Amino acid sequence: MRCTVIGLGEAGRIYARALQQQGHEVLGYDVAPIATPDLPRAASMAEAVEGTDVVIVMTTARASLPVAREAAPHLAPGTVYADFTSAAPKAKLSLREVLPAGVQGADVAILGPVIALGASTPLMAAGPGAGRIADLLRPVGAPVEVVHGALGDAMAHKLLRSILMKGLAAVVCEAVEAGRRAGYEDWIRAQIAAELAGDGQSTIARFLAGSVKHAARRAEEMAAVAEYCQALGAPSHMSAAARDSLLDLAEGALKSA
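Residues numbered from 1 in each chain as written. Predicted model: local features only at pLDDT ≥ 70, side-chain atom pairs only at ≥ 80, totals over all residues. Heavy atoms only, no water.

## Comments concerning the overall build of the chain
Stated formally: Elements are defined by DSSP. Helices are runs of H or I of four residues or more, strands are runs of E of two residues or more, and each kind is numbered from the N terminus. All radius of gyration figures rest on C-alpha atoms, and the globule criterion is 2.2 Å times the number of residues raised to 0.38. Any residue under 20% of the maximum accessible area for its type is buried, any over 50% is exposed, and the rest in between are partly exposed; the area is computed with a 1.4 Å probe on protein chains only. Note on contacts: a residue pair is in contact if any heavy atoms of the two residues lie within 4.5 Å. Residue burial considers only the protein chains on display, and all accessible areas are found by Shrake-Rupley using a 1.4 Å probe. Residues counted as positive are Lys and Arg, residues counted as negative are Asp and Glu, and His and the chain ends are not counted. The atom standing in for a charge is NZ when the residue is Lys, CZ when it is Arg, CG when it is Asp and CD when it is Glu.
What the chain contains, in helices and strands, is 12 helices and 7 strands. Taking 257 residues into account, the globule formula puts the C-alpha radius of gyration at 18 Å, and the chain, at 23 Å, lies well above it. Projecting the C-alpha coordinates of the chain onto the three principal axes gives extents of approximately 65 × 45 × 30 Å. Considering the chain as a whole, with its 257 residues, one finds that 41% of them fall into the buried category. In the chain, of all internal contacts separated by at least 6 residues, the share reaching a separation of at least 24 is 57%. Per element, the accessible surface of the chain, about 13600 Å² overall, is 59% carbon and sulfur. Measuring between centres, the 23 positive side-chain charges of the chain sit 2 Å from its 26 negative side-chain charges.

So this is what it looks like as structure tokens:
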């Protein structure tokens, strides 16, 4: 197949190389002067996407819709247009109004670090072109889960996951840094590891029930945590946010009582 990769940062180059290794004809396009010695480059958007079978967009989220608008006049019916950017679900859904009739849009969410995992990074795809982009990328080693929904549904899943992953990462970083400053880093690392290794569904149920039932008391405790972190000279952003969240839960419980 002829594939075009738009956006030749590190992730874009990884996928371009993987597709080349599978025998596909790959053309790259990027307005930035990025060196790609083993990848043929188009000089314009028209040259990049005219006559191609699949367009893979690996730009920043901000460029998602502008790139689609620039590409749209040159896309032929039957082309798969796969947006791998981290644009919000609403922006991905807007591709329906931008892409010409007959072009199969695909919303692709990247569910891991491409720099570390390469083309084997787990993906989730939604939209009319989701099945075809999955068929293209599974042979390069990418586990692709197809979500039977509209454009934006894959990104919605990713953002929900990000609440957990990025939030959890921030909490862990804050706890370990406070532990380091207090002289108890090994102990707090062990506490974190024990929680992460436990029964996941049981932990979720405990968090959901306990946070509501004990919201007021826990809010007071997290206020003390934030104060303690500040006294250590450690960040307290997540602790303060937890305090505010628990206060909201406590207020909601009072109103519903």
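Next comes the rest of the description.
## Things to note about the pairing of strand β1 (residues 2–6)
Looking along a regular strand, one sees side chains alternate from face to face of the sheet. Using the following cut-off: Paired strands, as defined in this entry, are two strands with at least two bridges between them according to DSSP. Every crossover in which the path from the first strand over the helix to the second runs clockwise, viewed with the strands pointing away from the viewer, is termed right-handed.
By the criterion of burial, β1 is predominantly enclosed, with 5 of the 5 residues buried. Covered by surrounding structure in β1 are Arg-2, Thr-4 and Ile-6 together with Cys-3 and Val-5, the residues of both alternating faces. Pairing between β1 and strand β2 (residues 25–29): 5 bridges, direction parallel. Within β2, the residue paired with Val-5 across the bridge is Gly-28. Running through helix α1 (residues 10–21), the crossover from β1 to the neighbouring parallel element β2 is right-handed. In terms of strand pairing, β1 meets strand β3 (residues 54–57) through 4 bridges, oriented parallel. The residue of β3 that forms the bridge with Val-5 is Ile-56.

## Structural notes on the sheet that holds β3
Just so we agree on the cut-off: Helix axes are fitted only over the stretch in contact, all axes being lines through C-alpha atoms; the angle between N-to-C directions runs from 0 to 180 degrees.
If you walk across this open sheet you meet the 7 strands as β2-β1-β3-β4-β5-β6-β7, and the pairing is mixed. The open sheet has two free edges, formed respectively by β2 and β7 (144–147), since each of these has just one partner strand. If you compare each strand with its neighbour and ignore which way they point, the axes differ by 20 degrees on average. Sheet analysis places strand β6 (residues 123–126) next to β7, joined by 4 bridges and oriented parallel. Note that in β7 the partner of Met-124 across the bridge is Glu-145.

## Things to note about the pattern of salt bridges
Definition in use: Should a side-chain nitrogen of Lys or Arg be within 4 Å of a carboxyl oxygen of Asp or Glu, the pair is scored as a salt bridge.
With the rule as written, the count across this model stands at 10 salt bridges. For the salt bridge of Arg-96 with Glu-97, the shortest nitrogen-to-oxygen distance reads 4.0 Å. With respect to burial, Arg-96 and Glu-97 carry one shared label: exposed. The structure contains a network of salt bridges with shared partners spanning Asp-83, Lys-92 and Asp-107.

## What about the nonpolar core?
As a reminder of what qualifies: Working definition of a nonpolar core: buried Ala, Val, Leu, Ile, Met, Phe, Trp, Tyr and Cys residues. They are joined through side-chain atoms within 4.5 Å.
In terms of nonpolar packing, the biggest core is built from 31 residues, with Ile-56, Phe-84, Leu-123, Ile-133 and Leu-137 touching the most fellow members. Ignoring sequence-local partners within four residues, the contact set of Leu-123 consists of Tyr-15, Phe-84, Val-108, Ala-109, Ile-110, Leu-111, Leu-137, Ala-142, Pro-143, Val-144 and Glu-145. One finds Ala-42, Met-45, Ala-71 and Leu-95 within the second-largest nonpolar core, a separate group that totals 23 residues.

## Describing the packing of helix α8 (residues 153–182) against helix α11 (residues 215–232)
Note the following rule: Angles are sorted into four bins: roughly parallel if under 35 degrees, roughly antiparallel if over 145, roughly perpendicular if 65 to 115, and oblique for all others. Definitions for this section: a left-handed crossing has its near helix turned counterclockwise from the far helix by less than a right angle. A right-handed crossing has that turn clockwise. Residue classes follow a fixed rule: Ala, Val, Leu, Ile, Met, Phe, Trp, Tyr, Cys and Pro count as nonpolar, while Asp, Glu, Lys and Arg count as charged, and any other residue, Gly among them, counts as polar.
The interhelical angle for the contact between α8 and α11, taken along N-to-C directions, is 55 degrees, at an axis separation of 10 Å. When the axes of α8 and α11 are compared, the pair comes out oblique. Considering how the two elements wind past one another, α8 and α11 form a crossing that is left-handed. Along the contact surface, α8 presents Ala-178, Arg-181 and Ala-182, while α11 presents Tyr-228, Cys-229 and Leu-232. A breakdown of the residues in the contact of α8 with α11 according to their chemical character gives 5 nonpolar, no polar and 1 charged.

## Some points on the environment of Ser-64
Short version of the rule: We define a polar contact as two N or O atoms separated by no more than 3.5 Å, with the added condition that, inside protein, one atom must be a possible hydrogen donor and the other a possible acceptor, whereas residues neighbouring each other in sequence contribute only through side-chain atom pairs.
Along the chain, the position of Ser-64 falls in helix α3 (residues 64–71). The buried category is assigned to Ser-64, whose relative accessible area is 1%. Each C-alpha atom, one on Ser-64 and one on Asp-153, is 16 Å from the other, the two residues being 89 residues apart in sequence. What Ser-64 contacts, discounting residues up to four positions off in sequence, is Thr-59, Tyr-81, Asp-83, Thr-85 and Ala-87. One polar contact links Ser-64 to Asp-83, side chain to side chain, over a distance of 2.5 Å.

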